[in-house]
There are 2 protein chains.
Amino acid sequence: MKLTIDELSVFCKKKGFIYPSSEIYGGMSGFFDYGPLGVELKNSIKAEWWKAHVHDRDDVVGIDGSIITNPKVWVASGHVGSFTDAILECGKCGSKTRADHFIEDKLKMDTAGLPLEQINSIVKSHKLKCGKCGSAFKDAAGFNLMFQTNVGPAEGSTSYLRPETAQVIFADFRQVTDTTRIKLPFGIAQIGKAFRNEISPRDFLFRCREFEQMEMEYFVSPDQANSCPYVNEVLDYELLVLSAEMQQKKHAAKKMKIREALDKKVIKTQWHAYWLAFEHKWFSSLGISHDNMRIRQHFDEEKSHYALDTWDIEYNFPFGWKELQGMANRTDYDLSQHMKHSGKDLSYYDEEKKARVTPHVVVEPSQGVERAFLAFVNEAYNDDKERGNIVLKLHPKLAPYKAAVFPLVSNKPELTSKAKEVYLSIKPEFNIYWDASGSIGRRYARADETGVPACITVDFKTLEDDTVTVRSRDTTKQERVKISELKKALTDFLNKK
Amino acid sequence: MKLTIDELSVFCKKKGFIYPSSEIYGGMSGFFDYGPLGVELKNSIKAEWWKAHVHDRDDVVGIDGSIITNPKVWVASGHVGSFTDAILECGKCGSKTRADHFIEDKLKMDTAGLPLEQINSIVKSHKLKCGKCGSAFKDAAGFNLMFQTNVGPAEGSTSYLRPETAQVIFADFRQVTDTTRIKLPFGIAQIGKAFRNEISPRDFLFRCREFEQMEMEYFVSPDQANSCPYVNEVLDYELLVLSAEMQQKKHAAKKMKIREALDKKVIKTQWHAYWLAFEHKWFSSLGISHDNMRIRQHFDEEKSHYALDTWDIEYNFPFGWKELQGMANRTDYDLSQHMKHSGKDLSYYDEEKKARVTPHVVVEPSQGVERAFLAFVNEAYNDDKERGNIVLKLHPKLAPYKAAVFPLVSNKPELTSKAKEVYLSIKPEFNIYWDASGSIGRRYARADETGVPACITVDFKTLEDDTVTVRSRDTTKQERVKISELKKALTDFLNKK
C-alpha cells in the first residue's frame, strides 16, 4: 500500500528528520526545520549533487550568490511584472485562496497560468463561492509571489528575496567568464535558498514558502545548440518517456532508449537528451527506482513564455506524478534581458570564431532539495511486517549515520570497553553512533528506522578472536569481520550499492 | 607589509572568490556573491566546522532551521523590542548614518549600545554635524536591524528574516530532545544564513547585511555549570589572553596555558575554558597562526544583557583586532524567555536526578562564515617577490582545488594523452583541474595564486618510467612519484599539514 504524505510527515517528525518551523508558537505555514537526521540527509543530497555536477566535471563551475540582490535583477527577469498567482478574495469574510487550486479542487480543471479574465468567467459560470462563508468572490486579483523587504534605513528601498537561484547565475555570468578560464559549452551551478510567498502551501515539503534549489544553467554557442559531444554516453540509457504528443493522444508513458527518443524526434536536441539522462541517472544512482520516475514534456501552453522546450523529471509521489526536476531550454532569453536592462555586454568572446556570441541556455536542470528529500525518503520507506519495524533503505551515501557500534549486552564492562575501542577507532572516518541501551533487537530496530546501513556488534567471540559482526540493514544478514579489517570492510560495504 | 582590506577585496574579485552582488546593476551594499573558487572555500570551511562540531563528537547534533519563522520567536528573544542601532538623521538633507560608527570616526569614542539620550548629549556637546551637508542632526532614533517581510496574502502578517541562527535552536530545543536520545550535557549546532539590515555595511565581508553563521548552543545541567568532563584535554593548550581586567589596566594580551587561566580565575568556568581552547584549536588546525589570534573578555558594560560572561576569539584583521568568534554564557535566559512567551515546557527531564531542569547554555560559540573566510584568505595571502607572484597558502583541506595536472608542454600529443590519463584516473577522488595552456611556469604561478597545494606534471621521463613530478605550492620543491602510487602520495601530501 502506498504511503500517504501525512504518514510520511508524521514519520519525518517522529524520527527527527523534519519539524514544523517554530512549532512552540503554532508554527508558520510553508516553513520547516531540518532536525538532526534531516540535516544530515539534506547535506548529503547537496554534496552528492555538487560532486556530480561540479567536481566530477570539467565543464561546470559553481557559484553561491546572495538571496537579496539589487531589485533590478527581478525587473529584468520579469518577476516583478508577472510572477503572480490569481487570488480569489471573498467579498464578505475577506478570506483569500489561490484560484487555480480552488478551481482544481471544485471542478478538476487546470487553470494555472490563465489570465485573470478567464478565471473570473469560470468562477461566474460555475457559481463558485467562498469556501469559508459561502459568499461571492470579488474579481480575481494577481498576487506577486516574491517576498518583499526594505534594505537600509531609507524608505522605499524595496528589494526581494530571490524566488529562484537561476537569475543570480545570469547576473554573474560576465564575472564568471572574466575570472575563470572556462570555455563554451559550460555550465554554472548553484545551490541555495529561494522563497516564494505561496498563497496556500501544501503537500508537506512539496510546496514550501522557503526552500532550497539546486540549479545549473548550461551555456552553449548558438550554432552548437543541437550538438552535444557527450551524447554517446547516454544513447543506450533507457527511461520512461511521456511526450506532449503522447499526452495529447492519451498514451501512457513508454520505456525508451535515448537513441530511439532522438531518432524519432521525441526529444528534439542532443543536449536535452543528454542532460535528461544524466539527471535521471543521478536520481537512480542514489536509489530512486526507474518505475517511479518518468520524463514528461510540457505542452506548448504549459511552458514558460521564454522556454523553447521543457521536460520535467517526474516522480511518483504519494499524491501522484509531480515534478521532481524541471529542465527548460531558455535560449538566450535571460542574458538578452539582462543586457537590455543593465546596458552591460554579457556576450562571450569565442576565440575560435573570433566573434562575440550570446550563448544559449540549452538546458536548465532545476530542482528543489526538498522534493528530492521527499522522493528519497518515500522511496526508502519500508514497513517491514516480518521484522515488525520500519526499515528506511536509504542509499548508504545518503544515510544520516553510516553505521552504529553496539556491545552485545550493556552490563558486561569487558564488552563495553572493547566496543568503545572499536567505536573510537572508526569514528574519525565515518559518521557513526554508539548505542548500548536496551536489547540488541531493539537497537537493530532503531537503526533500521533511521536508515543506518550497517550495525557493528562486539560480542563474546570478539574477546576471543578480535572479530565483530557487521549486520546489513537491508538483508539483516551478519558477517564476521576482523577488527583490523573493519575500516576497509565498512568502506566496501557502503560503496557496494 | 600588512595587506589592506581593499587589496584583499580586489584580489578576491579578480580570482573569482568574491563578487559584489548583482554588480551589473550597480551592486547592493552589504551583499556579496561567492564565485567559483569562493564557493569551494566557503563549503570547505562549513564542512570542516560541521565535522569538528557534529560528526566527530558524541555530544552534539545538528539542525537546519528556516530563515523565516513565526514572528513570536523574535518577540520572545527581545529582537523585536530592542535589536536596534542608534541612527542620526540630518535635519536638512535627510541623510542617515549609524551613530556609533560616526562618533567613533569623529571622536574615537565607543558608543555602541548606549541609550539614545546619551548619544544625543554626546552629539550636542561635541557639536557634531551631518557629514554630507554640515547641518545639525535630528534627535537620534532607534532603527531595528531585522529585515521585515509579509508572509501570505493577508495584510499585516509581518515576519522577519532571522538576525541570528541561535534562536531557532532554542525554539526547536524540545523537538530535538523529544526525537533524539541525547543527554545533558549536549550541544545543538547549526549553519545557515542570517540577515541584519546594517545602516552602513563596511569592511568588505566583515559586516555584511546577508551572511552565514556557524553557531552552537551548548546545554548543561545548572548544577554542572562549572564542571566540564573534557577540560583535561586542553589544560596545556596555550593562547593569547586578554581579560577585562587586563584591558582596564592597559596590559597587553599575554600568552597563557588554559591551566593557568583557570587557576588564576582569568577564565571563570571550565566550560568556557574548554570551548575557547577547542575553537582556537580549530582555527589553528586550519592555518590561522597563534600570533594572529587572541581571546578577549568583554567588559561588563559591553556584554549583552543576558550574558553572564562573554569572550571573543579575535583575529588580527587588516583593520585591526576584531571579533572572529563570540562565545557568551547565555545561562537559561533564552529557554526561560521562550517558555514564558510560548507557554510550553522547555525543561529537560534528568533521568538520574528524576527531576526536570532548565538547562544552561554555558557557552555559545558563534561565528560568521564570512569572517572565517576573510581570516583564512588574509592569513594565506603571500606576495612572494622571489617567485614574482602571489602564493595563497591555504590549508589543503580548505584549498578550492586540491591539485592540477599538466603536460609539461602542450604541443606533444604523447605527453598530452598520458597526462589526460593521469588526470582522469585521480579526478573521481579529488577536486582537481586540467591546464595545458601557456608555459609551465605560467601554469605553476596560476596555481599558486589560487592556492592549489600540488601540481602534477607529466614530462618526457613519464613516458619512460611511469613517474610524474608533484610540485609543492609552499616550497616549490618537486618529487617524482610513480603513477601507480599517485593517489596515495597525494592523499598523504594533502593530510601532511
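Preceding block: the structure.
Residues numbered from 1 in each chain as written. Chains lettered and ligands numbered in written order. Predicted model: local features only at pLDDT ≥ 70, side-chain atom pairs only at ≥ 80, totals over all residues. Heavy atoms only, no water.

Next up on the list: the overall build of chain A. When its secondary structure is counted, chain A shows 17 helices and 25 strands. Against the globule reference of 23 Å for 497 residues, chain A gives a C-alpha radius of gyration of 26 Å, in line with a compact fold. Taken over 497 residues, chain A has a buried fraction of 59%. Long-range pairs, those at least 24 residues apart, make up 65% of the contacts in chain A with a sequence separation of at least 6. About 20300 Å² of surface is accessible on chain A, with carbon and sulfur atoms providing 50% of the total. Each charge class in chain A was averaged separately, 71 positive and 70 negative side chains, and the resulting centres sit 3 Å apart. (Helix = DSSP H or I, 4+ residues; strand = E, 2+ residues; numbered from the N terminus. Rg over C-alpha atoms; globule rule 2.2 N^0.38 Å. Buried < 20%, exposed > 50% of the residue type's maximum accessible area, 1.4 Å probe, protein only. Contact = heavy atoms within 4.5 Å. Areas by Shrake-Rupley, 256 points an atom, 1.4 Å probe, with all protein chains shown as cover. Lys, Arg positive; Asp, Glu negative; His and termini not counted. Charge placed at Lys NZ, Arg CZ, Asp CG, Glu CD.)

A word on the nonpolar core. Ranked by internal contacts, the top residues of the largest apolar core, which has 149 residues, are Ile-45, Ile-258 and Phe-376 of chain A together with Ile-45, Ile-258 and Phe-376 of chain B. Not counting the four nearest positions on each side in its chain, Ile-45 of chain B is found in contact with Met-214, Trp-282, Val-369, Ala-372, Phe-373, Phe-376 and Leu-398 of chain B. (Core = buried A, V, L, I, M, F, W, Y, C linked by side-chain atoms within 4.5 Å.)

Once that is clear, we can look at the sheet that holds strand E25 (residues 478-482) of chain B. All names here are of chain B. Spatial ordering of the open sheet is given by E22-E21-E23-E24-E25, a layout of 5 strands whose pairing is mixed. Whereas interior strands pair on both sides, the edge strands pair on one side only; in this sheet they are strand E22 (432-434) and E25. Along the sheet, successive strands turn relative to each other by an average axial angle of 25°, direction set aside. Pairing between strand E21 (residues 403-407) and strand E23 (residues 454-458): 5 bridges, direction parallel. Pairing of Phe-406 across the sheet is with Thr-457, part of E23. Lying on the sheet, helix H14 (residues 413-426) is in contact with E21, E22, E23 and strand E24 (467-472); it crosses E21 at an angle near 160°. Contacts between helix H15 (residues 440-449) and the sheet are confined to E21, E22, E23, E24 and E25, with E21 contributing the most and set at about 170° to the helix. (Pairing = 2+ DSSP bridges. Axes fitted to C-alpha atoms, helices over the stretch in contact; angles between N-to-C directions.)

Now for the relation of the copies chain A and chain B. Overlay of chain A on chain B (RMSD 0.1 Å): rotation 180°, translation along the axis 0.0 Å. This pairing of chains is accounted for by a two-fold axis. Within chain A, Thr-149 of chain A has its C-alpha nearest the rotation axis, a separation of 2.6 Å. An overlap of 100% is found between the interface residues of chain A and their copies at the interface of chain B, pointing to a shared contact surface. (Least-squares fit on C-alpha atoms with pLDDT ≥ 70 in both.)

Turning to the interface of chain A and chain B, a few remarks are in order. Listed as interface residues are 84 residues of chain A and, on the opposing side, 85 residues of chain B. The contact between chain A and chain B buries some 6600 Å² in all, and 53% of this surface belongs to carbon and sulfur atoms. Viewed at the interface, chain B and chain A are joined by 6 salt bridges. One salt bridge connects Lys-427 of chain B with Asp-58 of chain A, and the closest N-O pair in it is separated by 3.4 Å. At the boundary of chain A with chain B, the tally comes to 53 residue pairs in polar contact (both at pLDDT 80 or more). Ranked by residues supplied to the side of chain A that touches chain B, first place goes to helix H2 (residues 36-55) of chain A with 9 residues. For the side of chain A that touches chain B, the residue count by class is 34 nonpolar, 26 polar and 24 charged. (Buried area = accessible area lost by both parts, 1.4 Å probe. Salt bridge = Lys/Arg side-chain N within 4 Å of Asp/Glu carboxyl O. Polar contact = N/O pair within 3.5 Å; in protein donor to acceptor, adjacent residues only side chain to side chain. Nonpolar A, V, L, I, M, F, W, Y, C, P; charged D, E, K, R; others polar.)

The next thing to look at is helix H13 (residues 369-380) of chain B. For H13 of chain B, with 12 residues, the first-to-last C-alpha span of 16 Å sits near the 16 Å given by 1.5 Å per residue. Among the residues of H13 of chain B, Val-369, Glu-370, Arg-371, Ala-372, Phe-373, Leu-374, Ala-375, Phe-376, Val-377, Asn-378 and Ala-380 of chain B are the ones counted as buried. (Expected span 1.5 Å × (residues − 1).)

Moving on to the packing of aromatic side chains. Evaluated as defined, the whole model comprises 62 aromatic pairs over all chains. Note on Phe-11 of chain B and Phe-17 of chain B: the rings are 6.2 Å apart at their centroids and 25° apart in plane angle, and the pair reads as stacked. Neither residue differs from the other here; Phe-11 of chain B and Phe-17 of chain B are each classed as buried. Between Tyr-401 of chain B and Tyr-433 of chain B, the aromatic rings sit 4.8 Å apart at their centres with planes inclined by 65°, giving edge-to-face as the arrangement. Of this pair, Tyr-401 of chain B sits in the loop between strand E20 (389-392) and E21 while Tyr-433 of chain B is found in strand E22, placing the two residues 32 residues apart along the sequence. Overall, Tyr-401 of chain B belongs to the partly exposed group, its relative accessible area being 23%. The exposure class of Tyr-433 of chain B is buried, given its relative accessible area of 16%. An aromatic cluster is defined as three or more aromatic residues linked by ring pairs; in this entry it consists of Tyr-218, Tyr-230, Trp-271, Tyr-274, Trp-275 and Phe-278 of chain A. The ring of Phe-206 of chain A is capped by Arg-371 of chain A, whose NZ or CZ atom sits 3.6 Å from the centre of that ring. Seen from the ring of Tyr-444 of chain B, Arg-471 of chain B lies directly overhead, with NZ or CZ sitting 4.4 Å from the centre. (Phe/Tyr/Trp six-rings, centres within 6.5 Å; stacked < 30°, edge-to-face > 60°. Lys NZ or Arg CZ within 6 Å of the ring centre and 35° of its normal.)

This next bit is on the pattern of salt bridges. According to the stated counting rule, one finds 85 salt bridges over all chains in the structure shown. The residue Asp-236 of chain B makes a salt bridge to Arg-259 of chain B at a minimum N-O spacing of 2.8 Å. Of the two residues, Asp-236 of chain B sits in the loop between strand E10 (210-220) and strand E11 (238-242) while Arg-259 of chain B sits in helix H10 (residues 258-263), which places them 23 residues apart along the sequence. By relative accessible area, which is 36% here, Arg-259 of chain B ends up partly exposed. Through salt bridges with shared partners, a single network forms among Asp-85, Arg-98, Asp-100, Glu-198 and Arg-207 of chain A.

Across a sheet, paired strands are connected by hydrogen bonds in the backbone, their directions being either parallel or antiparallel. All names here are of chain A. Pairing is mixed across the open sheet formed by 9 strands, whose spatial order is E3-E9-E10-E18-E15-E14-E13-E11-E12. Among the strands making up the open sheet, the edge pair consists of strand E3 (60-63) and strand E12 (254-257). Put simply, the sheet's adjacent strands are angled 30° from each other on average, direction ignored. As defined by bridge partners, strand E11 (residues 238-242) adjoins E12 across 4 bridges and the pair is classed as antiparallel. When the sheet's bridge partners are listed, Leu-239 is paired in E12 with Met-256. Contacting E3, strand E9 (186-195), strand E10 (210-220) and strand E18 (360-368), H2 crosses the sheet at an angle of about 160° to E9. Of the strands in this sheet, E10, strand E14 (309-317), strand E15 (320-329) and E18 touch helix H13 (residues 369-380), which is tilted by about 35° from E14.

All names here are of chain B. Counting through the fold element by element, Ala-419 comes out in helix H14. Ala-419 sits in the buried class, given a relative accessible area of 0%. Residues Ala-419 and Val-468, spaced 49 residues apart in sequence, show a C-alpha to C-alpha distance of 9.2 Å. Leave out the neighbours within four places in its chain, and Ala-419 touches Val-405, Phe-406, Pro-407, Trp-434 and Val-458.

Below, the discussion takes up the packing of H2 of chain A against helix H11 (residues 270-285) of chain A. Residue and element names in this part refer to chain A. Relative to each other, H2 and H11 sit at 145°, their axes nearing to 11 Å. Pair H2 / H11 crosses with right-handed handedness. Together, Ile-45, Glu-48, Trp-49, Ala-52 and His-53 of H2 and Trp-275, Phe-278, Glu-279 and Trp-282 of H11 make up the contact between the two elements. For the contact of H2 with H11, the residue count by class is 6 nonpolar, 1 polar and 2 charged. (Left-handed = near helix turned anticlockwise from the far one by under 90°.)

Our focus in this paragraph is the side chain of Asp-384 of chain B. When you line up the elements, Asp-384 of chain B lands in strand E19 (residues 381-384). Among all residues touching Asp-384 of chain B, those that are not within four sequence positions of it are Asn-389, Ile-390 and Val-391 of chain B.

This part covers H11 of chain A. Given 3.6 residues per helical turn, the α-helix brings residues three or four places apart onto the same face. Residues and elements named next belong to chain A. The end-to-end C-alpha separation of H11 is 22 Å, in line with the 22 Å expected for 16 residues at 1.5 Å each. When H11 is considered as a whole, its buried residues turn out to be Trp-271, His-272, Ala-273, Tyr-274, Trp-275, Leu-276, Ala-277, Phe-278, Glu-279, His-280, Trp-282 and Phe-283. Two residues or fewer after H11 comes Gly-287, characterised by a positive phi angle close to 115°.

On to unusual backbone geometry. Cis peptide bonds are those with omega within 30 degrees of zero, and the linkage from Leu-184 of chain A to Pro-185 of chain A qualifies with -10°. Located in the positive-phi region is Lys-354 of chain B, a residue other than glycine, with phi close to 50°. On the secondary structure map, Lys-354 of chain B appears in the loop between strand E16 (348-350) and strand E17 (355-357). Its relative accessible area of 60% is what places Lys-354 of chain B among the exposed residues.

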